[in-house]
Amino acid sequence: MKKVLVIIFVCLSFFSVAQEKKFKVILDAGHGGKDPGAAKNGCIEKHIALDVVLKIGKILESYPDFNVKYTRSTDVFIPLRDRAKIANDFEADLFVSVHCNSSVSPKPYGAMTLVMGLSRAGMNFEIAKAENAVISLEDNFKEKYEGFDPNNPNTQIGLRIMQEETLMQSINFASTVQSYFKNSLQRKDLGMHQQPLWVLDATVMPGVLIELGFLSNLEESKYMKSEEGKSNYSQIIARSIIEYKNNVRGTNTPPNVLQIKEPVIVEELPVMETVVDTSKVVDAAPEPLTPAELAYKVQISFSTKKLDLTPENFNGLANVTMIEVSGGYKYFYGLGTLEACKKFLAEAKQKGFASAFIVTPN
Ligand SMILES: [Zn+2]
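Throughout, a residue's number is its position along its own chain's written sequence, starting from 1. Restriction of local features to residues with pLDDT of at least 70 applies here, the model being predicted, together with a cutoff of 80 or more for giving and counting side-chain atom pairs; totals for whole chains, interfaces and linings are based on all residues. Hydrogens and water are ignored here; the side-chain numbers use all heavy atoms of the structure.

Help me understand the overall build of the protein chain in this model?
Strands here are runs of E lasting at least two residues and helices are runs of H or I lasting at least four, both read from the DSSP assignment and numbered beginning at the N terminus. Each helix and strand in the protein chain was counted, giving 10 helices and 12 strands. Here the protein chain holds 362 residues, and 46% of them are scored as buried. Here a residue-residue contact requires only that any non-hydrogen atoms of the pair lie within 4.5 Å. For the protein chain, contacts bridging at least 24 residues in sequence account for 76% of all contacts bridging at least 6. Note that accessible areas follow from Shrake-Rupley with a 1.4 Å probe, and for residues the cover is restricted to the protein chains shown. For the protein chain, the accessible surface area stands at approximately 18100 Å², while carbon and sulfur atoms represent 57% of it. When a residue's accessible area, from a 1.4 Å probe over protein chains only, is under 20% of the maximum for its type it is buried; when over 50% it is exposed; and in between it is partly exposed.

Help me understand the pairing of strand β4 (residues 66-70) in this model?
For a regular strand, the rule is simple: side chains alternate between the two faces of the sheet. Burial along β4 is one-sided: Phe 66, Val 68 and Tyr 70 are buried, and none of Asn 67 and Lys 69, which face the opposite way, are. As defined by bridge partners, strand β1 (residues 23-29) adjoins β4 across 5 bridges and the pair is classed as parallel. Among the inter-strand pairings, Leu 27 is bridged to a residue of β4, identified as Tyr 70. Two strands are counted as paired when DSSP detects at least two bridges linking them.

Sorry if this is basic, but what is going on with the nonpolar core here?
Soluble globular proteins: nonpolar side chains tend toward being buried together. Only buried residues count toward a nonpolar core, which is a set of Ala, Val, Leu, Ile, Met, Phe, Trp, Tyr and Cys residues joined through side-chain atoms within 4.5 Å. In terms of nonpolar packing, the biggest core is built from 46 residues, with Leu 212 and Ile 241 touching the most fellow members. Tallying contributions element by element places helix α2 (residues 45-61) first for this core, with 8 residues. With residues near it in sequence (within four places) discarded, Leu 212 still touches Ile 48, Val 52, Val 98, His 99, Cys 100, Gly 110, Ala 111, Phe 181, Met 224, Tyr 233 and Ile 237. Judged by nonpolar contacts, the second largest core, of 16 residues, contains Phe 314, Leu 317, Cys 341 and Ile 358.

How should I be thinking about the coordination of the zinc ion in this particular structure?
Ideal donor angles around a metal are set by the shape: a four-donor tetrahedron calls for 109.5 degrees, a six-donor octahedron for 90 or 180 degrees. Keep in mind that water is not among the atoms, so a site may look incomplete; donors are the N, O and S atoms within 2.8 Å of the metal, or 3.2 Å for Na, K and Ca. Surrounding the zinc ion are the protein donor atoms His 31 (NE2), Glu 45 (OE) and His 99 (ND1), which sit 2.0 to 2.1 Å from the metal. In the primary structure, the donors to the zinc ion are separated according to the pattern H-x13-E-x53-H. On the criterion of sequence distance, the pair formed by His 31 in the loop between β1 and β2 (39-40) and His 99 in strand β5 (residues 94-101) is long-range, its members being 68 residues apart. According to the relative accessible area criterion, His 31 is buried, its value standing at 19%.

What am I meant to see in the side chain of Gln 299 here?
Tracing the backbone through its elements, the reader meets Gln 299 in strand β9 (residues 296-303). Once you skip the residues sitting within four places of it in the chain, Gln 299 turns out to touch Lys 330, Tyr 331, Phe 332, Ala 356, Phe 357 and Val 359.

Would you mind showing me how to read the environment of Lys 107 here?
Mapped onto the fold, Lys 107 is located in the loop between β5 and β6 (111-116). With 111 residues separating them along the chain, Lys 107 and Leu 218 place their C-alpha atoms 8.6 Å apart.

Would you take a moment to explain unusual backbone geometry for this structure?
Most peptide bonds take the trans configuration, and most residues that are not glycine carry a negative phi. Even without glycine at this site, His 31 takes up a positive phi of about 60 degrees. Although it is not a glycine, Gln 186 sits at a positive phi angle of roughly 55 degrees. Note that Gln 186 resides in the loop between α6 (155-183) and β7 (189-195).

I would appreciate a short explanation of the packing of helix α8 (residues 218-225) against helix α9 (residues 227-249) in the present structure.
Helices that pack against each other are described as a pair by the angle of their axes relative to one another and the distance between those axes. In this analysis, axes come from line fits to C-alpha atoms, helices being fitted only over the stretch in contact, and the angle between any two N-to-C directions falls in the range 0 to 180 degrees. Closest axis-to-axis distance for the α8/α9 pair is 4 Å, and the angle between their directions is 75 degrees. With respect to α9, the axis of α8 lies roughly perpendicular. Contacts between α8 and α9 involve Tyr 223, Met 224 and Lys 225 on the former and, on the latter, Glu 227, Gly 229, Lys 230, Asn 232 and Tyr 233. Geometric relationships in this document are graded by angle, where less than 35 degrees denotes roughly parallel, more than 145 denotes roughly antiparallel, 65 to 115 denotes roughly perpendicular, and other angles denote oblique.

Quick question: what am I supposed to make of the confidence of the model for the protein chain here?
Of all residues in the protein chain, 69% have pLDDT values of 70 or greater, and the mean over the chain is 77. Confidence, read as mean pLDDT per element, is least for helix α4 (residues 121-132) in the protein chain (49) and greatest for β4 (98). One number per residue, pLDDT, summarises how confident the predictor is, and it ranges from 0 to 100. Below a pLDDT of 50 lies the segment residues 134-138, which in the model reaches 9 contacts outside its immediate sequence neighbourhood of four places, other chains included. Segment residues 153-158: pLDDT under 50, and 5 contacts once partners within four positions in sequence are set aside and those in other chains are kept.

Would you mind going over the sheet that holds strand β11 (residues 328-336) with me for this structure?
Read from one edge of the open sheet, 4 strands run β10-β11-β9-β12, paired in antiparallel fashion. On the outer flanks of this sheet lie β10 (321-325) and β12 (357-359), each paired with one strand and no other. Between one strand axis and the next, the sheet turns by 40 degrees as a mean value, whatever way the strands run. With 5 bridges joining them, β10 and β11 adopt antiparallel strand pairing. Following the sheet pairing, Met 322 is matched in β11 by Tyr 331.

Hey, could you run me through the pairing of β1 in this one?
Burial runs high along β1: 7 of the 7 residues are buried. Burial along β1 is two-sided: Phe 23, Val 25, Leu 27 and Ala 29 and Lys 24, Ile 26 and Asp 28, pointing in opposite directions, are all buried. Across 5 bridges, the pairing between β1 and β5 is parallel. For Asp 28, the partnering residue across the bridge sits in β5 and is Ser 97.

I tried to follow the state of the cysteines on my own but got confused; where do I start?
Should the sulfur atoms of two cysteines be covalently bonded, the bond is a disulfide. Any two cysteine sulfur atoms within 2.5 Å of one another count as a disulfide. The full count for this structure, using the stated rule, is 0 disulfides. Between Cys 43, a free cysteine, and Cys 100, which holds the nearest cysteine sulfur, the sulfur-to-sulfur gap is 8.1 Å. Of the residues examined, Cys 43 reaches a relative accessible area of 2% and is grouped as buried.

So what exactly am I meant to see when it comes to the side chain of Asn 217 here?
Of note, Asn 217 is situated in the loop between β8 (207-214) and α8. Classification of Asn 217 as buried rests on a relative accessible area of 3%. Two N or O atoms count as a polar contact when they lie within 3.5 Å, although within protein this holds only if one can serve as hydrogen donor and the other as acceptor, and sequence-adjacent residues are included solely when both atoms are side-chain atoms. Here the side chain of Asn 217 touches Pro 106 through a polar contact of 3.3 Å, landing on its backbone oxygen.

Okay, structure coming up:
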C-alpha cells in the first residue's frame, strides 16, 4: 500500500512539474462591456480586440506547451487593476494586450507596439514589492522566486535588475511583432514605443500592448474588421509569442505556419504631416550618429501646439527636437546611448520637466 502511495506521489509530482513548465501567456483584449474603446467607421475596438485575442488563444492552445489565460473572453468590463492582478496571480511569462488605435484625423494608419516606459520602473517596482510581499508565506519561495526574499533589503536591488531584463524582453517581443506586421502583413510600421501605461506598469512580467491599426482610417478599418484581417493579425502575434518562448526558454516549439489570406493592401496615402512617424526627427543632432547611438532620447513634453525649438521655449534646454504625431507634437531632448540619456534626463528634470522619460525610437 505504501509503495502504491509513493508511486502515485511520484506521478503527481511529475505531472505538476510538467504543468509548471508550460509557458503561461495572458491574452488581454482591450476594453469591453461599458467601455467600447474606439468606435469609427462602423468598427468597435472592444469587438475587434476580443476576436483577435480569441484567435491567438486558439492557435496557442493547440500546442501542449502553452497555458493560455484571458483577462476576458466575452464582452465584459474589466478594470485595469484587475487585468494586472489576473496576470500577476497567474504568474504569466508574457502579457499581450491587443488594442486598436484611433485618431481625430482619418489619415494616420499603421501598427505600433508599446512597452513600459523606463520612467515608470519605480512604480512597477513598488507594485512588484506589494504583489510579492505574501510569497514568503509559500513553501520553497526562494527557489520559486529566484532568491526573492521580501525581508532581505538586498532583494530590492535584485528586483530592479530583473525589471531591466523584463523591459529588454518586452522590447525583444515587440520588435518581433513589429517586423511581422511589416514583412508578413505589409502593414505600415509605426514602430515600438515606450510609454507609461498602467496595465503594463502594473504587471510584473514582460508585456506588450499592440495597436493593430487605426479604426479612424477607412481602409485600415476595413482590413481590421475583415475575417482575413483578424485571422492574419492573430497568426503573426501567435507566431511571435512562440518565437519569443523559444528564445527565452531555449525550446524548439515549431512556430505556426502562416496562412496569410488576401491581405487588403491599404492604399499608400500621400505622406501627410499628421501621419505618426517617429523616425522623422526634426532638427537632428549635428553630428551623424550610428544606429546604436540613436537608440535613446528623452521625451520632455507633449503639446497640441507647435513650438519654435528655441531654448527660451524649453526652460533653456538647447537642441530640442520635435516629431509630429496624431493630435500634437512630441518634444525631445538629447539623443544617444542609454547612459548618455540618463544624464540628459537628469538635466531635463532639473530644468523643470518633472515627467520627462527616456524613449527608444525605432
Ligand atoms: Zn484601446
